[in-house]
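Survey of secondary and tertiary structure
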Amino acid sequence: TRAAEEYFANTLHPREIVYAELIGRDYNGKAIQPDYHYGLARPDIYVYRISTILANGVERDLSWRQVKARCNELGVKYVPEIYYGKLGDYITTNSDEWRLYLEQHLKDKFLDKPSSLDKNVIEEGIVIRVDNYPRPTNYKLKAPLFLMHEGAMADKQIEDVEEQN
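These figures come from a predicted structure and were not determined experimentally. (Residues numbered from 1 in each chain as written. Predicted model: local features only at pLDDT ≥ 70, side-chain atom pairs only at ≥ 80, totals over all residues. Heavy atoms only, no water.)

**Overview of the overall build of the chain**
The cut-off we apply is this: A helix here means a DSSP run of H or I that spans at least four residues, while a strand means a run of E at least two residues long, and both kinds are numbered starting from the N terminus. Residue burial is assigned from relative accessible area. The probe radius is 1.4 Å, only protein chains are included, and a residue is buried under 20% of its type maximum, exposed over 50%, and partly exposed in between. Counted as positive: Lys and Arg. Counted as negative: Asp and Glu, with His and the chain ends omitted from the count. Note that the charge is assigned to NZ on lysines, CZ on arginines, CG on aspartates and CD on glutamates.
Each helix and strand counted, the chain has five helices and six strands in total. Counting from the amino terminus, helix and strand elements in the chain follow one another as α-β-β-β-α-β-α-α-β-β-α. Structurally, the chain occupies a C-alpha span of about 50 × 40 × 25 Å along its principal axes. Across the 165 residues of the chain, 30% fall into the buried class. One finds the centroid of the 22 positive side-chain charges in the chain at a distance of 4 Å from the centroid of its 27 negative side-chain charges.

**What about the confidence of the model for the chain?**
For residues with low pLDDT, the predicted coordinates do not support detailed interpretation. The test is simple: Scored between 0 and 100, pLDDT is the confidence that the predictor attaches to each residue.
For the chain, the mean per-residue pLDDT works out to 88, and 94% of the residues sit at or above 70. For the chain, per-element mean pLDDT is lowest for helix α5 (residues 144-155), which scores 77, and highest for helix α2 (residues 64-74), which scores 97.

**What about the nonpolar core?**
The following threshold applies: The nonpolar core is taken to be a set of buried Ala, Val, Leu, Ile, Met, Phe, Trp, Tyr and Cys residues, with the residues joined through side-chain atoms within 4.5 Å. It only takes one pair of heavy atoms within 4.5 Å for two residues to be counted as in contact.
Grouped together as the largest cluster of nonpolar side chains are 14 residues, with contacts concentrated most on Tyr36, Tyr38, Leu106, Phe110, Leu111, Ile126 and Leu141. It is helix α4 (residues 98-110) that provides the largest number of residues to this core, a total of three residues. If near-sequence neighbours (up to four positions away) are discounted, leucine 106 is found in contact with Tyr90, Leu111, Ile126, Ile128 and Leu141. In terms of nonpolar packing, the next biggest core, distinct from the first, is built from twelve residues, Val47, Trp64, Val67 and Leu74 among them.

**Thoughts on unusual backbone geometry**
With an omega of 5 degrees, the peptide bond between tyrosine 133 and proline 134 qualifies as cis. Among the structural elements, proline 134 can be located in the loop between β5 (125-130) and β6 (137-142). Of note, arginine 15 is a non-glycine position whose phi angle comes to about 65 degrees, a positive value. Relative to the assigned elements, arginine 15 resides in the loop between α1 (2-8) and β1 (16-24). Although it is not a glycine, aspartate 35 sits at a positive phi angle of roughly 70 degrees. Examined against the element boundaries, aspartate 35 turns out to sit in the loop between β1 and β2 (43-53).

**What about the side chain of glutamate 16?**
We count it as follows: What qualifies as a polar contact is a pair of N or O atoms within 3.5 Å, subject to a donor-acceptor requirement within protein and to the restriction that residues adjacent in sequence count only when both atoms come from side chains.
Examined against the element boundaries, glutamate 16 turns out to sit in strand β1. Exposure remark for glutamate 16: the relative accessible area of 10% places this residue in the buried category. In this structure the side chain of glutamate 16 is engaged in a polar contact, spanning 2.8 Å, whose partner is the backbone nitrogen of histidine 13. Apart from residues no more than four positions distant in its own chain, glutamate 16 is found in contact with Ile50, Ser51, Thr52 and Arg70.

**Comments concerning the environment of aspartate 108**
Secondary-structure assignment places aspartate 108 in helix α4. Overall, the relative accessible area of 48% leaves aspartate 108 in the partly exposed class. A polar side-chain atom of aspartate 108 sits 2.8 Å from a polar atom in the side chain of glutamine 104.

**Some words on the pairing of β5**
Here is the rule we go by: Two strands pair if DSSP finds at least two bridges between them.
As paired elements, β5 and β6 share six bridges and run antiparallel to each other. By the bridge assignment for β6, glycine 125 is matched with lysine 142. Turn length for the β5-β6 hairpin, with the two strands adjacent in sequence and antiparallel, is six residues.

Structure (C-alpha cells):
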C-alpha cells in the first residue's frame, strides 16, 4: 500500500484499478522476493493491467496499447514487452502440436537466461497476454530455474514477501 500511494496518489481516475508487480526491496531494505531484489534499494513497480469499475459494477479492462499509454500518462513503468501482434505472425509451424512447439521456443529463447531487468538473476518467466473482451487472458510460463529457486526458498522456509496476503 505504501508503494501504491507513492506511485499513484491523486493520479488515478475514479474507480480505476491498477495491477502491477512490485520488485526490489521494501521500505526497510528487505528483498520483496528472496535473492530477486534486482539491484534496487527500494520498491519499483511494473504495471501489467489496468481496469475501471463501471457505474453498473462491471469491470472493464484497457487493451495492452491503452495500458502502455496510461502508464506513460502516469509516469510509471509497464512490464517489458517482448512482442506485440498476432501469435501466428510470431511463430509458424505446421505441427498439430503448436502449443508444445511454442512453449519450447519460448523456453529456449527467453527462459533460464539472465533477467532483462538485472543480469545478476535468472529471468522469472514470461506472460502471453491475449486481449479478450471484456478481460484479457494471461498465460504465464515460469522459468524452470526460477521454479527451482522458489522451491528451494520454500524448502528453507525463507519468507517471501510477494507470497504474503
